[in-house]
Amino acid sequence: MAIYNREAFLDHLSEKLGTPRHQKDKEPFTHINQLPEETLADLSADELLEMARNTSEALKVTFKVTSKADLGGVLDAYLTDKGDGQLILPTAPDKIKAYGLDDWTAAASNQRTVKYWDPKADRATNLATAQDSAMAIGFGDYMLAESGTITVPSSPGQGRAFNFLPTHYLCIVKRSNILPRSTQATKLYAQRLKSGELKTSNINYISGPSNSGDIEMVLIVGVHGPLDMTYIVVDDM
Amino acid sequence: MGIATSDKPLLARVKESEQDKFMQASVAKAQDAQHTKREDSRALLGNWEEWRELGEQIRQRAIAYLPDYLEEFSNNVDKNGGDVFFADTEADAVDYIQKIVKETGAKKLVKSKSMVTTEIDMDKQLLALNKGLALMETDLAEFILQKDNWDEPTHIVFPTLHKNRDQVREIFMKLGYEGDNDPEHLARFARKYLREYFLQADLGVTGCNFAVADTGMINLVTNEGNADLTMAIPKTQIVVMGMERIVPTMADAEVLDNLLCRSAVGQKLTSYVTFAGQQVAGETDGPENFHVVIVDNRRSEALGTQFQSILQCIRCGACINVCPVYRHIGGHGYGSIYPGPIGAVLSPILGGYEKFGELPYASSLCGACTETCPVKIPLHKLLIQHRMVYTDRLKMQGGLNNFMMEVIGIGTGFPFLFRSAIRFGRPGLRTMAHKTDRLTALNFIKDEPLVDKGPGLVGGWADVRDLPIPPKHKESFRSWFADHKQQQKLAQAQKDNSSDK
Ligand code: SF4
């Protein structure tokens, strides 16, 4: 759109620094060490899963591993546990199919009100749907073993507020997408954004439920975002 | 008021802070709790020194090529459909933000925590300029401060460290809260209160931990989720960032996020680490209008000078959490929104020596801040540099010695603080010590290293004589003296007993 007051501002900085502008590409930048890439890089798939479980549970996340065939049953049990209330799902037909959830989504709507984050609806409608939903079941890209994190880019079918407004949040991730650390996920996102394969304005790395220590440093779980989090790892994907 | 939080002189502020026993106890508790969490999380990561070197390298690179990276970032924001405004001063920044408020006809503004908006006094100025505008701080701590008649923050990471649960309850009762003082109940009330407001918000203002040059996205590191709601719900978002927040790539931001989370709160990653920017086609929430205001506000005074490294700061607050002077005088004692060692270095640059020139003297110069800084800013050396500039440039030498001794008294005059300084001083000074063949009383007996170069008082002292590193806490003179006194008392008591017989 527009950039204001830039040239004089940057010239002033350049003068203060005592170096001319437009120099950085002449001096390529490489990291002094490879610790981000090397740390935890040698863990096996089983070790990554175990680490992810431990770190997630330490964050008070409910962590479950299931097969694609049993996924629907696990989701049913989750919904029963959370009680009544509206469920919001993403509009993601490809993912719902890939996880074998076509029949499950149809059946779920017979049990309770199921709404979708709708790419064709306007902002207010989607926000109201998310706000009115007690539960959200969404899809994550990656899980980070070191920090008990799931990563979720916004998309037309699963917007930003989908991950924040509902009271209870469940995220489904493939076991083959468990990565050691945020380093690997960030590298993948940078590549996918650069190549144009991923078009998103927002990438969330979410590690457990929202929390705060602002009152006397007492840890309070559940502040503005979801009050609780559940991660489901699909073992055979 | 900009970065100043008080008009009173330093010594008066310190006297006031000394009366606040709850604050002192809270700060001590927070420092101790954070110490364990921070050090454990760093130890678990491993190779902490090498991670610090990497963090330092990334920040030094960003600052050395600041104009180039800011240019790249602004080009990318522009390409993505956003607007960028470069603000020389706080007035320029507020004028631009006010222009957006007017243009969008915003009625309800939500804000997430941002030190730079506090620095430019944005909230109060916008409220004064727009009678119909409602503005809400949504970070729990900032919300408490706002509703307590805009009380000032006392820490850059834990702004309400000076408030107890009863005070928070009283503040919330004015908003309709009827429950007890349980922090969880208080937080649930804030959640409900703010959620209703969030859903009507039409303008969101956030800060930015890092701005990523090669994507035009910003990177935010938070725990509560309010920053993400601020970026999701309103149609318009304004990001206000200090110009030094820039990093070259997402990979660089990710390294710093890891250092920041561990150093600030002892977490591997906070609950929400987000990369975000202008809404893309097909998305229904997020900002349709995305503005970034890049603020200088005297930061450029540090460029090309001995203070340039302070712009590496990632605002983790670790230096505050290890500082014995902060432990004693708390945030309000500094009189700046940036307290502790980072504040004592940054405030004279942003606010001038006339107002903040004495802050660099409010230090026990133990070096613990330098030792803990995740991006290796030599904080204690910068404090010395400030003292030199203050002395030389302002030609205040005559009055300074008396004044200096009084302020140094802050660091050494209180028994507790002096004990703290000694306790922190051993690890601090150990970094400057080395083994020597020269014999002194101490290293002759104990083969201890010596300090012969050091900051400030230490430097002056070590210029003329070798300074042994402080003894371990339990062996220090004061500890010895206390023990000795105790033994004397016991001996006297025994003597008295036997003479009674
Ligand atoms: S100076 Fe270093 S330790 Fe202090 S807040 Fe900044 S980055 Fe953290």
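Residues numbered from 1 in each chain as written. Chains lettered and ligands numbered in written order. Predicted model: local features only at pLDDT ≥ 70, side-chain atom pairs only at ≥ 80, totals over all residues. Heavy atoms only, no water.

Caption draft 1: Spotlight on the overall build of chain B. Scanning chain B from N- to C-terminus turns up 23 helices and 12 strands. Evaluated residue by residue, chain B yields a buried proportion of 62% over its 501 residues. Summarising the internal contacts of chain B: among those between residues at least 6 apart in sequence, 74% fall at separations of at least 24. As displayed, chain B offers around 19000 Å² of accessible surface, 53% of which is attributable to carbon and sulfur atoms. (Helix = DSSP H or I, 4+ residues; strand = E, 2+ residues; numbered from the N terminus. Buried < 20%, exposed > 50% of the residue type's maximum accessible area, 1.4 Å probe, protein only. Contact = heavy atoms within 4.5 Å. Areas by Shrake-Rupley, 256 points an atom, 1.4 Å probe, with all protein chains shown as cover.)

Caption draft 2: Structural detail: the environment of Y116 of chain A. Residues and elements named next belong to chain A. Along the polypeptide, Y116 turns up in strand β4 (residues 114-117). Distance from Y116 to I88, taken between C-alpha atoms, is 5.3 Å for residues 28 residues apart in sequence. Residues within four places of Y116 in sequence aside, it is in contact with I88, L89, P90, T91, I96, T105, N126 and T129.

Caption draft 3: Structural view of the packing of aromatic side chains. Summed over all chains, the structure comprises 17 aromatic pairs over all chains. Note on Y361 of chain B and Y390 of chain B: the rings are 6.1 Å apart at their centroids and 55 degrees apart in plane angle, and the pair reads as tilted. With Y361 of chain B in the loop between α16 (353-356) and α17 (368-372) and Y390 of chain B in helix α18 (residues 379-393), the pair connects residues that are 29 residues apart, well separated along the chain. An aromatic cluster is defined as three or more aromatic residues linked by ring pairs; in this entry it consists of F143, F172, Y177, F189 and Y193 of chain B. Here the basic side chain of K99 of chain B rests over the ring of Y4 of chain A, its NZ or CZ set 5.3 Å away from the ring centre. (Phe/Tyr/Trp six-rings, centres within 6.5 Å; stacked < 30°, edge-to-face > 60°. Lys NZ or Arg CZ within 6 Å of the ring centre and 35° of its normal.)

Caption draft 4: Region of interest: the site of the ligand. Taken together, C313, I314, R315, C316, G317, C319, I342, C373, P374, V375, I377 and L379 of chain B make up the full set of residues adjacent to the ligand. Grouping the amino acids of the shell around the ligand by side-chain chemistry returns 10 nonpolar, one polar and one charged. (Near = heavy atom within 4 Å. Nonpolar A, V, L, I, M, F, W, Y, C, P; charged D, E, K, R; others polar.)

Caption draft 5: Looking closely at the sheet that holds strand β5 (residues 133-139) of chain A. Residue and element names in this part refer to chain A. A sheet is described by the order of its strands in space; here six strands give the open sequence β2-β13-β8-β5-β3-β4, paired in parallel fashion. Looking at which strands have only one partner, the edges of the open sheet turn out to be β2 (62-66) and β4. When strand polarity is set aside, the average angle formed by the axes of neighbouring strands in this sheet is 20 degrees. Across five bridges, β5 lies against strand β8 (residues 168-174) in parallel orientation. Looking at the pairing, M135 lines up with H168 of β8. On top of the sheet, helix α3 (residues 45-58) reaches β2 and β13 (228-234); it is set at about 155 degrees to β2, its chief contact. Sheet strands touched by helix α7 (residues 123-132): β3 (86-90), β4 and β5. Its angle to β4, the strand with the most contacts, is close to 140 degrees. (Pairing = 2+ DSSP bridges. Axes fitted to C-alpha atoms, helices over the stretch in contact; angles between N-to-C directions.)

Caption draft 6: The pairing of strand β10 (residues 289-295) of chain B, seen in detail. All names here are of chain B. Summarising burial for β10: six of the seven residues are buried, a large majority. Here five bridges tie strand β1 (residues 83-87) to β10, and the two strands are oriented parallel to one another. Paired with V84 across the bridge in β10 is V292. With seven bridges connecting them, strand β7 (residues 236-242) and β10 associate as parallel partners. Its bridge partner lying in β10, V240 is registered against V293.

Caption draft 7: Main features of the pattern of salt bridges. Counted by the stated rule, this structure contains 34 salt bridges over all chains. Between K24 of chain A and E72 of chain B there is a salt bridge, and its shortest N-O distance comes to 3.0 Å. Remark: E72 of chain B occurs in helix α4 (residues 66-80) and K24 of chain A occurs in the loop between α1 (6-17) and α2 (35-38); the pair is interchain, linking two chains. According to the relative accessible area criterion, K24 of chain A is buried, its value standing at 11%. (Salt bridge = Lys/Arg side-chain N within 4 Å of Asp/Glu carboxyl O.)

Caption draft 8: Quick look at the UniProt feature "domain: LUD" (unreviewed entry) in chain A. Summarizing the sequence annotation, UniProt attributes the feature "domain: LUD" (unreviewed entry) to residues 63-234 of chain A in the numbering used throughout. The annotated region residues 63-234 of chain A carries 30% helix and 31% strand content, and the separation between its end C-alpha atoms amounts to 11 Å. (UniProt positions renumbered as here; feature names shortened; annotations may be inferred.)

Caption draft 9: Quick peek at the interface of chain A and chain B. Taken residue by residue, the interface counts 85 residues in chain A and 108 residues in chain B. Across the chain A to chain B interface the summed buried area is about 7900 Å²; carbon plus sulfur atoms make up 58%. Sorting the residues of chain A by area buried against chain B places K24, R123 and H224 of chain A first, and these three jointly supply 11% of that buried surface. The interface formed by chain A and chain B includes six salt bridges. Where E216 of chain A meets R165 of chain B, a salt bridge forms, and the shortest distance between an N and an O atom there is 3.1 Å. Taken together, the links from chain A to chain B amount to 65 residue pairs in polar contact (both at pLDDT 80 or more). Of all the secondary-structure elements, those providing two or more residues to the side of chain A that touches chain B are β1 (2-4), α1, α2, α7, α8 (182-195), β10 (202-206), β11 (211-212) and β12 (220-221) of chain A. Across the side of chain A that touches chain B, the residue classes break down as 37 nonpolar, 34 polar and 14 charged. Bridge count for β10 of chain A against strand β9 (residues 272-276) of chain B is five bridges, and the pairing is antiparallel. Looking at the pairing, N204 of chain A lines up with T274 of chain B of β9 of chain B. (Buried area = accessible area lost by both parts, 1.4 Å probe. Polar contact = N/O pair within 3.5 Å; in protein donor to acceptor, adjacent residues only side chain to side chain.)

Caption draft 10: A look at the packing of α1 of chain A against α4 of chain B. Where α1 of chain A contacts α4 of chain B, the two axes come as close as 9 Å, and the packing angle between them is 160 degrees. By the criterion of interaxial angle, the relationship of α1 of chain A to α4 of chain B is roughly antiparallel. Residue-level contacts link R6, F9, L10, L13, S14 and L17 of chain A of α1 of chain A to L66, P67, L70, E71, S74 and N75 of chain B of α4 of chain B. (Parallel < 35°, antiparallel > 145°, perpendicular 65-115°, else oblique.)

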